[in-house]
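A structural walkthrough
This is what each chain is made of:
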Amino acid sequence: PGRPVFTASLMENDAYDRIGDEPPNYEETSFSGEHRAVRPSVVSAFGHDTLDRVPNIDFYRNAGSVSGNRAVRPSLQELHDVFQKNGRISVTNTVEDREGSDGTPSDDVESVIPLDNKDGTVRFGWIKGVLVRCMLNIWGVMLFIRLSWVFGQAGWGLGIVVIALSCVVTTVTGLSMSAICTNGVVRGGGAYYLISRSLGPEFGGSIGLIFAFANAVAVAMYVVGFAETVVDLLKENNAIMIDELNDIRIIGCISVVLLLGISVAGMEWEAKAQIGLLIILLVAIVNVFVGTGIPASTDKKSKGFFNYDAKIFMENLPPDFRDGETFFSVFAIFFPAATGILAGANISGDLKDPQDALPKGTLLAILITGVTYLGVALCVSATVVRDATGNINDTIATGMDMFCNGSNTAACEQGWNFSSCDVSSCKFGSMNNFQVMTMVSGFGPLITAGTFSATLSSALASLVSAPKVFQALCKDNIYTALKFFAKGHGKNNEPIRGYVLTFIIAVAFIIIADLNVIAPIISNFFLASYALINFSCFHASYAKSPGWRPAYRYYNMWLSLFGAVLCCGVMFVINWWAALLTYAIEIFLYVYVTVKKPNVNWGSSTQAVTFVSAVNNALSLTGVEDHVKNFRPQCMVLTGAPKNRPALLDLAHCFTKNYGLCLTCEVFVGPRTETLTDVNAGMEKNQMWLNKKKRKAFYAAVACDSFRQGTENLMQASGLGRLKPNILMMGFKKDWRTADTAGVQSYVGVLHDAFDFEYGTVVLRMNQGLDISHIIKAQEEMEREAQEQKDLEKEELAEENKGKSIFRKSRNLSTQGLTSRASVTTPQSPQVVVVNERLVSNSTQFQRKQGKGTIDVWWMFDDGGLTLLLPYILTTRKKFKDCKMRIFIAGQPGRVEQDRHEMKSLLEKFRIKYADIHVIDDITQNPNSNSWKMFEDMIEPFRLHEGSKSTTLAEALRKDNPWKISDAELDTFEEKTNLQVRLNELLQENSRAANLIIVSMPIARLGSVSDHLYMAWLDILTKNLPPTMLIRGNHKSVLTFYS
């Protein structure tokens, strides 16, 4: 006979996404090998049927992936429990979870290969997308208009330093950016995406807004630069339309409209326009080099241009700063020419492979542009003198014996006399004429075309960058008011709304038409981005997170830190007040995002460093012994689920606040196989509830066979080094008289364990009780049913048009839903409603500010001072600041004043404020008959009454009911019992109106006092009183009067 056939039926996996989840097609499978219709990858790998899956990229995709379906691997529980569930296999297949995605390729977080271009989506390689874009953005008008002036002022010696320093800043930033963008897949958003995913939303959100705004204003700056060049040409040809200022505005607005048209037409058109502009720019640069080799005409010589000459080159070596310029002021003017390295990163969402393209394209662009700047500048330095008159008659006549010295030696030796420039300023030469490049070039108009190309290409790159970065920022919903701009349009998800906003900002600044003040702010905004990119790389490396594994290896964390500091320094060199303004805006946005706490988790290095710091701080604490001055309450609170006992949690939170450890603990009682699911499911849910309610507390849970064993495990294992609970807080067991014996023994056993483990112990009693879990459960059930009803009504409306039979089915379902809801929301009796309302009101009373009143502290026994310290801490909190402490102590008859004086002296040494001290000298009196009768009625069901029975029967009763209260026990502890009953009378008499009562907790000697007698003591002591806390310290001092 063949082996039995095993059929795998699939069930849902609640731990993972179920969107579009279709079960795999498991057919009947014979273990004899006749037919195995199972997944090929599993069978081919192992040769037998198994639920384990071989490693696959689909298991590691994020939600919203469009490069492939997200797969969900079987959970550990499914693999572990698979044959315990009647042979049914529970596993989830590959899911296709595109919920939350708008279906566009820019949403693809995982794609590292070119996406399928069936929808016409445009993707760029590293040359077209990064190299060309960065070179065009770095090569600006500075190349043709200011470079010769920079080298004239600084000389080519310091001029090389200026270019080198600029390149150091950009190269270090490029290396840092390369490391970040190769540490995982890069989405659209450029600098914002890199910084936010590395340092978190606070840094990313602040710099993202600044960077997007800077790019928008940069459009205006470049367009105005273009318009000024056009207006200069108009002026030369006497073709001014209105006046220079208004002509700049008119030409600028027309230009930005045309650029907007190119951008909105799509990335492909924009890329084609950039290629055309690059060709013009390259031709213009080549034109400069060619021009330096063409023999100079007399006109050019009169304007200071001679062909290559070593003496001119050496004369231009030292600096010659004029008009108050310094090295740093010249550097500040040149540095904006080196910016633009993020042009490729800003369209990272439109690249085929950002991880490969960004490092290669950006670093190569920095190298090419740096060499170009250096080459052009040195060529000009070797051919153009600093000062020239422009007068063709300033030649030295042949045969005229003239001694050449001074600042114009090289020109003099070439046969030109420019000595008049020493007396009065000249209009030509590298120091005086910004159009030197046009003069040097082989064909002047090409330089004008190059200037146009440089300005328009930079403007176009900024016009594309700003909306893309802004769209990425808005998609993350860090600033909820900006969500409107997140929507994209068309096959390439173009941010049309962002383009319009950028256009409006650009036009607003073009109308100003004077950007001399705004320009340094923009440079500072860019530098702030560079600084944070460098710092991101350093921070991620410093955190030593295992997740920091960049594919690009040529970076150094200290070099990145140096780059960040250098960027900050350059910001102040360029413009100190603009740097301060940038920092102020950044800090404001950082604080705003921090306060708003956006609901995102990107695994930032900030989290990693916080973790490392926490571990190091916890370890450093272990090296120092505890000192009484540094004692602070660290509470383990047996709340169950935190929301079930709010009063207990609120009071514990008042003790620890933001300054101590608070653990809310829950014990799941039952077989581990049944309770583990609840434990795992509740961990994150309850911690999130605590965070939402702004309770600075942790949640911990255990699954055990008994409540006592679970609490014992928590007391022994909770905490980390010195960060360990020292106080156990729990509620009073109100139902001890009706509960089963095991429950009472377990509860009292927890108190015994707390004393054994030297925990301070706090028991809170409130007349209405603490547990409101039944009310919360009823509310949740009603909300769930109401939601189901809404869903059914929506379904009914949706299917109304699909035929009569379907409509009737929907009606039936809806009717069932109504019936179900009615069964849950059956009206309760008025008495139950009143009790529940009172219970909820009482349970939240410590969330409200306490009115003027007292906290009465009945410090009966010296337990190390915890009974006094906890109420003092309460009086320092806002909710209890109007409450005064009254101290009650036991005293001997005849020495009341002496006892009061001694306590007053002690409190003053402890520096604890109090309103009054009461000495109770009649505490040893017997309680009245009514109080004693109440206590006797309380313990009657639990007494043996063996004294009135024969010896044999008494022994049998003890053997059958060892937990009951014997007559001998009552006689032994008669005085202690009297004390509890008498104390309740005194509490009723003196503290009936107190806001909160603190009483020293009596201790039951282990093995001597039965559990029910001890519960009776606690019950009678705290009966019919305002909220009362029983406190017993661990008898180690928590107060000291020494400094």
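Residues numbered from 1 in each chain as written. Predicted model: local features only at pLDDT ≥ 70, side-chain atom pairs only at ≥ 80, totals over all residues. Heavy atoms only, no water.

Quick look at the overall build of the protein chain now. When you go through the protein chain residue by residue, the secondary structure sums to 35 helices and 12 strands. Counting the 1043 residues in the protein chain, one finds 50% classified as buried. Excluding contacts between residues fewer than 6 apart, the proportion of contacts in the protein chain whose partners are at least 24 apart in sequence is 79%. Surface summary for the protein chain: the accessible area is close to 49400 Å², and the carbon and sulfur share equals 56%. (Helix = DSSP H or I, 4+ residues; strand = E, 2+ residues; numbered from the N terminus. Buried < 20%, exposed > 50% of the residue type's maximum accessible area, 1.4 Å probe, protein only. Contact = heavy atoms within 4.5 Å. Areas by Shrake-Rupley, 256 points an atom, 1.4 Å probe, with all protein chains shown as cover.)

Scanning the entire structure with this criterion turns up 26 aromatic pairs. Here Phe 327 and Phe 331 contribute two aromatic rings whose centre-to-centre distance is 6.5 Å and whose plane-to-plane angle is 15°, an arrangement assigned as stacked. Remark: Phe 331 and Phe 327 occur in helix H12 (residues 327-334); sequence separation between them is four residues, near one turn of the helix. The burial state of Phe 327 is the same as that of Phe 331; both residues are buried. Pairing Trp 858 with Phe 888 gives two aromatic rings, centres 4.3 Å apart and planes at 0°, and the pair type is stacked. Here the residue Trp 858 occupies a position in strand E8 (residues 853-858), and Phe 888 occupies one in strand E9 (residues 883-890), the gap between them amounting to 30 residues. Here Trp 858 matches Phe 888 in class, with each residue buried. (Phe/Tyr/Trp six-rings, centres within 6.5 Å; stacked < 30°, edge-to-face > 60°.)

Tallied over the full model, the rule gives 25 salt bridges. The partner of Asp 476 in a salt bridge is Arg 197, and the shortest N-O contact between them spans 2.8 Å. Of this pair, Asp 476 sits in the loop between helix H16 (444-475) and helix H17 (496-512) while Arg 197 sits in helix H6 (residues 190-199), placing them 279 residues apart in sequence. Two residues, Asp 299 and Lys 303, come together in a salt bridge whose shortest N-O distance is 3.6 Å. Each of Glu 781, Arg 784, Glu 785 and Glu 788 takes part in salt bridges that share partners, so that together they form one network. (Salt bridge = Lys/Arg side-chain N within 4 Å of Asp/Glu carboxyl O.)

In this section: the nonpolar core. Counting residues in hydrophobic clusters, the biggest one holds 135 residues, and the most contacted among them are Phe 144, Leu 147, Phe 334, Leu 342, Tyr 373 and Leu 527. Once residues lying within four places of it in the same chain are set aside, the contact partners of Leu 147 are Met 142, Phe 334, Tyr 373, Val 376, Ala 377 and Met 437. One finds Tyr 759, Met 938, Phe 973 and Leu 986 within the second-largest nonpolar core, a separate group that totals 54 residues. (Core = buried A, V, L, I, M, F, W, Y, C linked by side-chain atoms within 4.5 Å.)

So, about the side chain of Ser 196. As for its placement among the helices and strands, Ser 196 is situated in helix H6. Residue class for Ser 196 comes out buried when judged on its relative accessible area of 0%. In this view, Ser 196 contacts Pro 201, Gly 204 and Trp 602; residues no more than four positions away in its chain are not counted.

We now examine the sheet that holds E9. Spatial ordering of the open sheet is given by E5-E4-E3-E6-E7-E12-E11-E8-E9-E10, a layout of 10 strands whose pairing is mixed. Among the strands making up the open sheet, the edge pair consists of strand E5 (698-704) and strand E10 (916-920). Neighbour-to-neighbour, the strand axes of the sheet open up by a mean angle of 20°, direction not taken into account. Examined bridge by bridge, strand E3 (residues 635-637) and strand E6 (residues 727-731) share three bridges and lie parallel to one another. Looking at the pairing, Val 637 lines up with Met 729 of E6. (Pairing = 2+ DSSP bridges. Axes fitted to C-alpha atoms, helices over the stretch in contact; angles between N-to-C directions.)

This part covers helix H19 (residues 557-574). Note that an α-helix has 3.6 residues per turn; residues three or four places apart therefore point the same way. In this model H19 runs 26 Å from its N-terminal to its C-terminal C-alpha over 18 residues, within 8% of the 26 Å that 1.5 Å per residue would give. The complete set of buried residues in H19 reads Met 557, Ser 560, Gly 563, Ala 564, Leu 566, Cys 567, Val 570, Met 571 and Ile 574. Its side-chain oxygen placed 2.8 Å from the backbone nitrogen of Trp 558, Asn 556 serves as the N-cap of H19. (Expected span 1.5 Å × (residues − 1). Polar contact = N/O pair within 3.5 Å; in protein donor to acceptor, adjacent residues only side chain to side chain.)

With that settled, consider helix H3 (residues 126-138). Along H3, 10 of the 13 residues are buried, which leaves the element largely enclosed by surrounding structure. Within the sequence span of H3, burial applies to Gly 129, Val 130, Leu 131, Val 132, Arg 133, Cys 134, Met 135, Leu 136, Asn 137 and Ile 138.

Tracing the sequence through the fold places Phe 942 in the loop between helix H31 (929-939) and helix H32 (951-960). Along the backbone, Phe 942 and Ser 966 are 24 residues apart, and their C-alpha atoms lie at a distance of 8.8 Å. Residues in contact with Phe 942, not counting those within four places in the same chain, are Trp 736, Arg 737, Trp 963, Lys 964, Ile 965 and His 1012.

Moving on, we come to the pairing of E6. Every regular strand shows the same layout, with side chains that alternate between the two sheet faces. Within E6, five of the five residues are buried, which leaves it mostly tucked inside the rest of the structure. The side-chain alternation of E6 yields two buried faces, one formed by Ile 727, Met 729 and Gly 731 and the other by Leu 728 and Met 730. Alignment of E6 against strand E7 (residues 760-765), held across five bridges, turns out to be parallel. Within E7, the position partnered with Ile 727 by the bridge is Gly 760.

So, on to the packing of H3 against helix H13 (residues 354-381). Running from N to C, H3 and H13 cross one another at 35°; their axes reach a closest spacing of 8 Å. Where H3 crosses over H13, the two elements pack in a sense that is right-handed. Contacts between H3 and H13 pair Trp 126, Val 130, Leu 131, Cys 134, Met 135 and Ile 138 from the former with Ala 357, Leu 358, Lys 360, Gly 361, Thr 362, Leu 364, Ala 365, Ile 368, Thr 369 and Tyr 373 from the latter. Its residues assigned to classes, the contact of H3 with H13 shows 12 nonpolar, three polar and one charged. (Left-handed = near helix turned anticlockwise from the far one by under 90°. Nonpolar A, V, L, I, M, F, W, Y, C, P; charged D, E, K, R; others polar.)

Axis separation between helix H5 (residues 147-181) and H12 bottoms out at 9 Å; the angle between their running directions is 80°. Comparing the axis directions of H5 and H12 gives the class roughly perpendicular. On H12, the residues touching Leu 147, Trp 149, Val 150, Gln 153, Leu 158, Val 161, Val 162, Ile 163, Leu 165 and Ser 166 of H5 are Phe 327, Val 330, Phe 331, Ile 333 and Phe 334. Grouping the amino acids of the contact of H5 with H12 by side-chain chemistry returns 13 nonpolar, two polar and no charged. (Parallel < 35°, antiparallel > 145°, perpendicular 65-115°, else oblique.)

Turning our eyes to something else, we now look at the confidence of the model for the protein chain. When pLDDT is averaged along the protein chain, the result is 80, and 84% of the positions lie at 70 or above. This stretch, residues 1-41, has a pLDDT under 50; its non-local contacts, to residues over four places away or in other chains, come to 79 contacts. For the stretch residues 84-119, pLDDT sits under 50, and the model shows 103 contacts to residues farther than four places along the chain or on other chains. (pLDDT = per-residue confidence, 0-100.)

Attention shifts here to unusual backbone geometry. The backbone of Lys 657 sits at a positive phi, close to 45°, despite the residue not being glycine. Structurally, the position occupied by Lys 657 is in the loop between helix H22 (646-656) and strand E4 (662-669). Accessibility expressed as a relative area gives 29% for Lys 657, which makes it partly exposed. Here Glu 758, not a glycine, exhibits a phi torsion of approximately 60°, which is positive. By the secondary structure assignment, Glu 758 is in the loop between helix H25 (741-756) and E7. You can call Glu 758 partly exposed: its relative accessible area is 43%.

With respect to the helices and strands, Ser 1010 occurs in the loop between strand E11 (996-1000) and helix H35 (1011-1022). Other than its neighbours up to four places away in sequence, Ser 1010 contacts Trp 963, Lys 964, Ile 965 and Glu 969.

By the secondary structure assignment, Gly 488 is in the loop between H16 and H17. Looking at Gly 488, the relative accessible area reads 16%, which means it is buried. Put simply, Gly 488 and Gly 498 are 10 residues apart on the chain and 9.1 Å apart in space, counted from C-alpha to C-alpha. Beyond its immediate chain neighbours, meaning those up to four positions away, Gly 488 contacts Gln 471, Asn 493 and Glu 494.

Here we come to the pairing of E9. A large share of E9 lies buried, amounting to six of its eight residues. With helix H29 (residues 866-875) bridging E8 and its parallel neighbour E9, the resulting β-α-β unit is right-handed. Where E9 and E10 come together, five bridges link them in parallel fashion. Bridging across to E10, Ile 889 finds its partner in Val 919. (Right-handed = clockwise from strand over helix to strand, strands pointing away.)

Before going further, it helps to examine a nonpolar patch on the surface. Taken together, the side chains of Met 241, Ile 242, Ile 250, Ile 254 and Leu 258 define a hydrophobic patch exposed on the protein surface, amounting to about 490 Å² of accessible area. The exposure class of Leu 258 is exposed, given its relative accessible area of 58%. (Patch = residues over 30% accessible without salt bridge, like charges linked within 9 Å, V, L, I, M, F, W, Y side chains within 5 Å.)

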